[in-house]
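What follows is the residue order along each chain.
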Amino acid sequence: MINIIFILSAILTGISQQPWGLGFLVWFSLVPVIYFLNNQISIKKNIGYAFLWGFIYHLSFLYWLSGNIGIDSIALKYFTMFLVSCFLALNIILISTIFFYFKKFFNKSYIIYTLPFIVVSIEFLRSFGLYGFTWNSLSYTQTDYLIISQNIEYTGIYGLSFWIVLINVIIYELLQKFSKNKLYILIFSFLFPWITGFIIKNNYVQPKAYINTKIIQPNISLSEKRKNLNKSLLTLINLSTISSNESVDLIIWPESSISNQFLINDNYNNKVSRDMNTFLENDNINLVAGLEANYTNKRFNSSVLFNGDSIANIYHKQRLVPNVEHTPNFFDKIGYNMGQSNFSIGKKLSMFKVNQISFSSMICIESIFPNPTRLFVNNGAEFIVYIVNDGWYTKAPEPQQHAKRCIYRAIENRRSVIRCANTGISMIVDPYGNITHQSELNESDVINANVIISDRKTFYTKYGNLFSILNLFTLILIGLFTTLKKINDNN
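Quick caveat, the model's predicted, so the values are computed rather than measured.

Asks: Residue-level account of the overall build of the protein, with values.
Replies: For the protein, the count of helices and strands is 18 helices and 14 strands. For 491 residues, the compact-globule estimate of 2.2 N^0.38 gives 23 Å, and the C-alpha radius of gyration of the protein, at 24 Å, lies within 12% of that figure. Taken across its 491 residues, the protein has 56% of its residues classed as buried. Put simply, of all contacts in the protein between residues at least 6 apart along the chain, 71% involve residues at least 24 apart. Counting 40 positive and 28 negative side-chain charges, the protein places the averaged centre of each group 13 Å from the other.

This is the structure we're talking about:
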């Protein structure tokens, strides 16, 4: 019976990550796996069951990987889905193994309260490097609950992960042996972030200014773009010239929206398209667009700011999708590449500016990582732009999952976020995480709106993942005490 509940725990936790409004499931779905971790006496079984739980969990919310239309082979699609789920299950193995040894050498009931520290530390460490990944952070289950989400202005996303695990631990303890004190602790622990979140959200800061933007979602399929790039360009231009009641300060096109032929030595090449020349000849045009930037020995996935028919600045993407946009030598040699490109990694935080207002324009998966956005805001970005092409996935839930993650970038830094996606979902998020404008998936759309400009720097913007670092430091101390206890026991 426990095995069925154990598997159900993984499935419910995976479902809580889906954009279906079921994030509350994770408030209790971890209890069965906590029961297992706290009662396992065999390290081999501990690792085996941890892998099983982690595999089912990741499979149940990342199953959409098998729907990538950019991969022709059905076998490769499913192989990729299973491979990613297996790889991410290593996180759960590491968490369970650390806790196993803590419990073994500190056979005390309170050791179970180290689990929130372990989970946060592993989530934090797993955000670094080429294979860094934060998409599966438990915190993203709570994007529908904007009151508690306000706390990440101070703790970052990992504060919510800590809270989720802590609530599950207290519930487990309460089920093991009921007491009024434990019940009071559960009620207090559950309500605390709601109360602080409500206080934070009502500490409203007046906007510094507004900027009028036009976000273009052309809904151009990948096959259509490959067949007729000029037709795709005309679609973007026509949508951009749709009249509006106010003058537009900034027009935004999605990732990979124009040809790399428009860029020669970082200058605009006016020989490519007469239509583009006509569109840009107005000096008042400020346009952000995505393209592939080619140089002598390097090529980048880039975002470009046009001021009229000149290129004001260019940003090269720094967080690339492994084995899709950037293939390490090992995988390149064995021929395993899920995508069509092998881009170089950008190094410079290139800032864009319109009407003396500075902003960043990052690309696609960079929106799931807290730190790149924080660095831009510290460098003076007063609003954030993400250009995206999720056209590889034509059905839910990948586009919805991806889009919702940028809500936290707005709250962390109290900056408006503009998300412009080729096939959707495009949106504008205000500094408190409210989605003020949103397009539909797989539909052509134009969002014309005033966006709030802010220059306030939050605690998170200034100090970053201090909460996570303190968690990691605490975990290291516990590990040192565990090692010393083992040495003393052996002596």
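There is more to say after this.
Asks: Please provide a residue-by-residue account of the packing of aromatic side chains, values included.
Replies: The geometry of an aromatic ring pair is captured by two quantities: the separation of the ring centres and the angle between the planes. As enumerated under the stated definition, the model contains 35 aromatic pairs in all. Measuring from centroid to centroid gives 5.9 Å for Phe55 and Phe82, while their planes differ by 15°, and the two rings are stacked. Taken together, the positions of Phe55 in helix H3 (residues 43–62) and Phe82 in helix H4 (residues 74–105) put the pair 27 residues apart, joining distant regions of the chain. Residue classification places Phe82 among the partly exposed residues on the basis of a relative accessible area of 36%. For the pair Phe190 and Trp194, a centre-to-centre distance of 6.1 Å together with 40° between the ring planes defines the contact as tilted. Here Phe190 and its partner Trp194 are both found in helix H9 (residues 180–201), four residues apart, which amounts to about one turn of the helix.

Asks: I'd like to hear about the environment of Ser85, residue by residue, with values.
Replies: Relative to the elements of secondary structure, Ser85 occurs in helix H4. For the pair Ser85 and Asp445, spaced 360 residues apart in the sequence, the C-alpha separation amounts to 34 Å. Once residues within four sequence positions are removed from consideration, Ser85 is found in contact with Gly54, Phe55, His58 and Leu59. A polar contact is formed between the side chain of Ser85 and the backbone oxygen of Met81, at a distance of 3.0 Å.

Asks: Any details on the sheet that holds strand S11 (residues 417–421)? Residues and values, ideally.
Replies: Taken in spatial order, the six strands of this open sheet run S8-S9-S10-S11-S12-S13, and their pairing is mixed. Each of the sheet's edge strands pairs with one partner strand only, and the pair in question is strand S8 (352–354) and strand S13 (435–438). Across this sheet, the average inter-strand angle for adjacent strands is 20°, counted without regard to direction. Across five bridges, the pairing between strand S10 (residues 384–388) and S11 is parallel. When the sheet's bridge partners are listed, Val388 is paired in S11 with Ala421.

Asks: Outline H4, supporting the account with residue identities and numerical values.
Replies: Spanning 32 residues, H4 covers 47 Å between terminal C-alpha atoms, matching the ideal 46 Å at 1.5 Å per step. For H4, the N-terminal cap is Ser73; the gap from its side-chain oxygen to the backbone nitrogen of Ala75 is 3.4 Å.

Asks: Quick one: what's the story with the sheet that holds strand S6 (residues 299–307), residue by residue and with numbers?
Replies: An order of S7-S6-S5-S2-S1-S14 is seen for the six strands of this open sheet, with the pairing classed as mixed. Looking at which strands have only one partner, the edges of the open sheet turn out to be strand S7 (310–316) and strand S14 (445–453). Pairs of neighbouring strands in the sheet enclose a mean axial angle of 30°, with direction left out of account. Sheet topology places strand S1 (residues 209–217) next to S14; nine bridges connect them, and they run antiparallel. When the bridges of S14 are listed, Ala209 appears paired with Ile453. Packing against the sheet, helix H11 (residues 229–240) makes contact with S1, strand S2 (250–252) and S14, and its axis sits at approximately 140° to S1.

Definitions and cut-offs
Residue indices follow the written sequence of each chain, beginning from 1 at its first position. The predicted nature of this model means local features are confined to residues of pLDDT at least 70 and side-chain atom pairs, given and counted, to a pLDDT of 80 or more, with totals for whole chains, interfaces and linings taken over all residues. Remark: hydrogens and water are excluded; side-chain values derive from all non-hydrogen atoms of the structure. For the purposes of this entry, the term helix denotes a DSSP run of H or I that reaches at least four residues, the term strand denotes a run of E that reaches at least two, and both are numbered from the N terminus. In this setup the radius of gyration rests on C-alpha atoms only. A globule is expected at 2.2 Å times the number of residues raised to 0.38. Buried, partly exposed and exposed residues are distinguished by accessible area as a fraction of the type maximum, computed with a 1.4 Å probe on protein chains only: under 20%, between the cut-offs, and over 50%, respectively. Contacts are assigned to residue pairs with any non-hydrogen atoms lying within 4.5 Å of each other. As used throughout, the charge tally considers Lys and Arg to be positive and Asp and Glu to be negative, leaving His and the chain termini uncounted. Throughout, a charge is located at the NZ atom of Lys, the CZ atom of Arg, the CG atom of Asp or the CD atom of Glu. Paired rings are identified among Phe, Tyr and Trp, the last through its six-membered ring, by centres lying within 6.5 Å, and are further divided according to the angle between planes into stacked (under 30 degrees), edge-to-face (over 60) and tilted (the rest). Polar contact is defined as a pair of N or O atoms within 3.5 Å, subject to the rule that within protein one atom must be able to donate a hydrogen and the other to accept it, and that residues adjacent in sequence are counted only when both atoms are side-chain atoms. Between any two strands, pairing holds if DSSP finds at least two bridges. Angular values range over 0 to 180 degrees, each being the angle between N-to-C directions of two axes fitted as lines to C-alpha atoms, with helices fitted over their stretch in contact. Helix span, as expected, comes to 1.5 Å for every residue beyond the first.

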